[in-house]
Amino acid sequence: MTRKFVLIDHSMRDLGGHYYTYASCVLPAAERASLQPVLAMHREFRDLPALPPSWQSHPIFRNKSYSQRYIETGNVNGALGGWWSRTRSKWRARERQRLAESFAEDCATLFTKIELTEGDHVFFASASEIDLEGLAIFLQRAPAEYRRVHWHLQFHLGIFEGRDPEYAKQRPRREFMREIFRHALARVPEHHIHLYCTTRELTAQYEYLGVAPFHTLPYPVHPLFLLPTPPKTSSDNVRIACLGHSRREKGYRELPIVVRRLWNEYLSKGRAQLVMQTRRRDLMRALDSTVSDLGPHSATPPIVYAPFPLDLERYAELVRSSDIGLLLYDSTRYYSRCSGVLLEMLSAGNPVIVPGGCWLSEQIHEENQRHLRDIAARGVPLKQIGSADGAAISFTNVEQSSELDLTAGARSLLLRLRWLQPSTPGTYAHVELEQLDEQGAQVMTFAAIIGPGSDPSAVYSLFHLHENARRARLKWRNAWDDGPITVDSLEYRLYAEHYPAGSVGLTAANMDQSGELLGDVLLHMDHYRQRSAAFAGRCAEYFNADQIVAQLLGATSTAQPLSQPLAGRLDFPAQTNAKTNAR
């Protein structure tokens, strides 16, 4: 008998969003692995005729996953605040229980239609902790043979705010979520339950709970994004794309600044075009008003709007027809969060502009470091300052500064350093290069976010220099928390060449830099196109559905409640201290 692979995504209500795109990647991969694909989704799903006939499909579930999450933080003040917190907690507890029971009932309804047998796999692609509670309730009541089925749950949403150094101060969040997971897993100690997250940073958050092993699954990119496109030349119009759901945390309020920065040299002359996918009329009005204020332009519209949402085929075509992906996302919100749009852009061979100090920037960090190491190895500097045995400097969120003389004719400054401390994830340095002319007046300033990466012994960052700059002041501080950072072996190399600052994209210290960063990509468009095209294959090789199915089928570690934190894992201190709707 053919084993079944059941993918459950109860947030899927139509062919829109990455929910369906995800299923349309993973279920064919399950078929290639000789499994019978089964899809279960929200009961409002009405597009069954559009699904492949080889899939068994069941619109069953009453509630979406993402509408359910409540985390009690324990932050209350005063008697009234305490009463309100207790009242709200009781209401939320009842609501959680209702949702968990509803989920358990919907699972029971589904599995009366699907005859599960030994060796089958059930994958909850967009799970919440309440879904885990509901699954545990269902399994307690389920037939004993369900203990021979593998149950996989993937979590997309973070537990903590900020980055790793800030987690220890959020003990109520940890205790709240820890109790939910421990209680749910204790209900089903003999079942094969496996837990996953979509990024390593998110996996680390869940492992901090100390309740069970969590593993990272790659996020799949649909094959439609990998189709070849006609080669482009430097004379072609460059399409700068802002795609996906225009939610608040995606920073689209910065777009008028980008338009103004690129207007004279690129947008007004038809050398570049902004492609905006949105249904927000307020955003379209703001951009149109900016264009109107800036004056005449060529026959090529400086901004074009794409509908939102689009079916999968048209959305993939929109991505492939783009040249640069502009992702103005909130860096803290996306520190541990995956972005399907980013992976689609990279897999299609498009360079990207992303915020620094988060999951998005980490995806291009190593490739950019390789490019900067190549400059250090092959470039001939006009001047070199510092050495590999230079003294260490330490700084916190209180700014430290140092100065150096520049050389006339220098257009690029390559900074190299060794990152000493801290070694824990989530800490980044904010380094600002202020450039001064011969009279000491500021002519330019630019900041970069620097982290240790995979090779803290040699971390690089490249700054472009103003033609009139003769002296530079570097300002160092911890970018997001108040902990100390120590670096040494500072070395500065000055080059006459205006080198590209990256390889497959650039990272922004703040998103109002987007215009300048886009200017660098546009100036060196052929370089970025070639490097991004080469990187696309490696990206698609990892972020694909066959990897996911293979990892799920090979799962051996079963989640069990732990009385002690996982060995080798960080633990908290004892003190309180298809239409595509991109995620």
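Caption draft 1: Looking closely at the overall build of the protein chain. Along the protein chain, the regular secondary structure elements total 14 helices and 24 strands. Against the 2.2 N^0.38 benchmark of 25 Å for 583 residues, the protein chain shows a C-alpha radius of gyration of 26 Å, consistent with a compact globule. Taking the principal axes of its C-alpha atoms as reference, the protein chain extends roughly 80 × 60 × 50 Å. For the protein chain, with 583 residues in total, the buried portion stands at 56%. Looking at the protein chain as shown, the accessible area adds up to about 24200 Å², and 48% of this sits on carbon and sulfur atoms. Within the protein chain, the 64 negative side-chain charges are centred at a point lying 4 Å from the centre of the 66 positive side-chain charges.

Caption draft 2: Examining unusual backbone geometry more closely. A cis geometry characterises the amide bond from F308 onward to P309, with omega recorded as -5 degrees. By secondary structure assignment, the location of P309 is in the loop between β10 (303-306) and β11 (310-311). In the segment running from Q421 into P422, the intervening peptide bond is cis, with an omega of -5 degrees. Residue placement: P422 occurs in the loop between β17 (412-421) and β18 (429-436). Unlike most non-glycine residues, S34 shows phi in positive territory, near 65 degrees. Since its relative accessible area comes to 57%, S34 is described here as exposed.

Caption draft 3: A look at the state of the cysteines. All chains considered together, the criterion is met by zero disulfides. The structure places no disulfide on C25, whose sulfur is separated from the nearest cysteine sulfur, that of C338, by 12 Å. On the basis of relative accessible area, C25 is assigned to the buried category, the value being 4%. In this structure C107 is not part of a disulfide, and its nearest cysteine sulfur, from C197, lies 19 Å away.

Caption draft 4: Representation of the packing of aromatic side chains within the structure. Counted by the stated rule, this structure contains 25 aromatic pairs. Summarising the aromatic geometry, the rings of Y146 and W151 are spaced 6.0 Å apart at their centres and angled 45 degrees between planes, so their arrangement reads as tilted. Given a relative accessible area of 6%, Y146 falls into the buried group. Since its relative accessible area comes to 0%, W151 is described here as buried. Over the ring of W480 we find R163; its NZ or CZ atom is 3.6 Å from the centre of that ring.

Caption draft 5: Molecular detail of the sheet that holds strand β1 (residues 4-9). The strand order across the open sheet built from seven strands is β3-β2-β1-β4-β5-β6-β7, with neighbouring strands paired in parallel fashion. Across the chains shown, the open sheet's two edge strands, defined by having one partner strand only, are β3 (56-61) and β7 (215-216). Both strand β6 (residues 192-197) and β7 contribute to a ladder of two bridges, which runs parallel. Counted as the bridge partner of C197 is T216 from β7. Helix α3 (residues 129-141) rests against β4 (121-127), β5 (150-155) and β6 of the sheet, and its axis sits at about 165 degrees to β5.

Caption draft 6: Quick peek at the packing of helix α7 (residues 255-267) against helix α8 (residues 281-294). Orientation of α7 relative to α8, taken along the N-to-C sense of each, is 25 degrees, at an axis distance of 9 Å. Classified by the angle between their axes, α7 and α8 sit roughly parallel to one another. Two packed elements cross with a definite hand, and for α7 against α8 that hand is right-handed. Across from L255, P256, V259, R260 and W263 in α7, the residues of α8 making contact are L287, T290, V291, D293 and L294.

Caption draft 7: Seen up close, the sheet that holds strand β19 (residues 442-450). Here four strands make up an open sheet; going across it, the order is β16-β21-β18-β19 and the pairing antiparallel. Because the sheet does not close on itself, it has two edges, and the strands there are β16 (400-405) and β19. Across the sheet, the mean angle separating the axes of adjacent strands is 20 degrees when strand polarity is ignored. With eight bridges connecting them, β18 and β19 associate as antiparallel partners. Bridge pairing in β19 links H430 to I449.

Caption draft 8: Representation of the pairing of strand β8 (residues 238-242) within the structure. In terms of residue burial, β8 counts as a mostly covered element, since four of its five residues are buried. As paired strands, β8 and strand β9 (residues 272-277) are joined by five bridges and run parallel to one another. Each bridged residue has a counterpart across the sheet, and for R239 the counterpart in β9 is Q273. Two elements, β8 and strand β12 (residues 324-326), share two bridges in a ladder whose sense is parallel. Directly across from A241, in β12, lies its bridge partner G325.

Caption draft 9: A look at the pattern of salt bridges. Under the defined criterion, the tally for this structure stands at 28 salt bridges. R370 is paired through a salt bridge with E367; the nearest N and O atoms lie 2.6 Å apart. Of this pair, R370 and E367 both sit in helix α11 (residues 359-378), three residues apart, which is roughly one turn of the helix. The partner of E434 in a salt bridge is R473, and the shortest N-O contact between them spans 2.8 Å. Here R473 lies in strand β21 (residues 471-478) and E434 lies in strand β18, a separation of 39 residues in the sequence.

Caption draft 10: Representation of the packing of α3 against helix α5 (residues 171-187) in the model. Between α3 and α5, the shortest axis-to-axis distance is 8 Å and the interhelical angle comes to 20 degrees. Here α3 is positioned roughly parallel relative to α5, judged by the angle of their axes. Both α3 and α5 take part in a crossing whose hand is left-handed. Where α3 abuts α5, its residues E129, L132, E133, A136, I137 and Q140 lie against M177, I180, F181, A184, L185 and R187. Among the residues forming the contact of α3 with α5, the class breakdown is eight nonpolar, one polar and three charged.

Caption draft 11: A look at the nonpolar core. Among the nonpolar cores identified, the biggest contains 117 residues, and L7, F111, F124, F138, W151 and Y206 are the most heavily contacted of them. Setting aside anything within four residues of it in sequence, one finds L7 in contact with Y22, A23, V26, L27, V38, L39, A40, F123 and A125. Counting residues in hydrophobic clusters, the runner-up holds 67 residues, among them A272, A448, F463 and V487.

Caption draft 12: Fine view of the side chain of R493. Here R493 lies in strand β22 (residues 485-495). A distance of 2.9 Å separates a polar atom in the side chain of R493 from a polar atom in the side chain of E491. Apart from residues lying up to four places away in sequence, R493 is in contact with A376, P381, K383, Q384, S412, L413 and L414.

Caption draft 13: The side chain of S331, seen in detail. With respect to the helices and strands, S331 occurs in the loop between β12 and α10 (340-347). Here the side chain of S331 touches R163 through a polar contact of 2.7 Å, side chain to side chain. Among residues more than four places away in sequence, those in contact with S331 are R163, P355, G356, G357, C358 and W480.

What counts, and at which threshold
Residues numbered from 1 in each chain as written. Predicted model: local features only at pLDDT ≥ 70, side-chain atom pairs only at ≥ 80, totals over all residues. Heavy atoms only, no water. Helix = DSSP H or I, 4+ residues; strand = E, 2+ residues; numbered from the N terminus. Rg over C-alpha atoms; globule rule 2.2 N^0.38 Å. Buried < 20%, exposed > 50% of the residue type's maximum accessible area, 1.4 Å probe, protein only. Areas by Shrake-Rupley, 256 points an atom, 1.4 Å probe, with all protein chains shown as cover. Lys, Arg positive; Asp, Glu negative; His and termini not counted. Charge placed at Lys NZ, Arg CZ, Asp CG, Glu CD. Disulfide = S-S within 2.5 Å. Phe/Tyr/Trp six-rings, centres within 6.5 Å; stacked < 30°, edge-to-face > 60°. Lys NZ or Arg CZ within 6 Å of the ring centre and 35° of its normal. Pairing = 2+ DSSP bridges. Contact = heavy atoms within 4.5 Å. Axes fitted to C-alpha atoms, helices over the stretch in contact; angles between N-to-C directions. Parallel < 35°, antiparallel > 145°, perpendicular 65-115°, else oblique. Left-handed = near helix turned anticlockwise from the far one by under 90°. Salt bridge = Lys/Arg side-chain N within 4 Å of Asp/Glu carboxyl O. Nonpolar A, V, L, I, M, F, W, Y, C, P; charged D, E, K, R; others polar. Core = buried A, V, L, I, M, F, W, Y, C linked by side-chain atoms within 4.5 Å. Polar contact = N/O pair within 3.5 Å; in protein donor to acceptor, adjacent residues only side chain to side chain.

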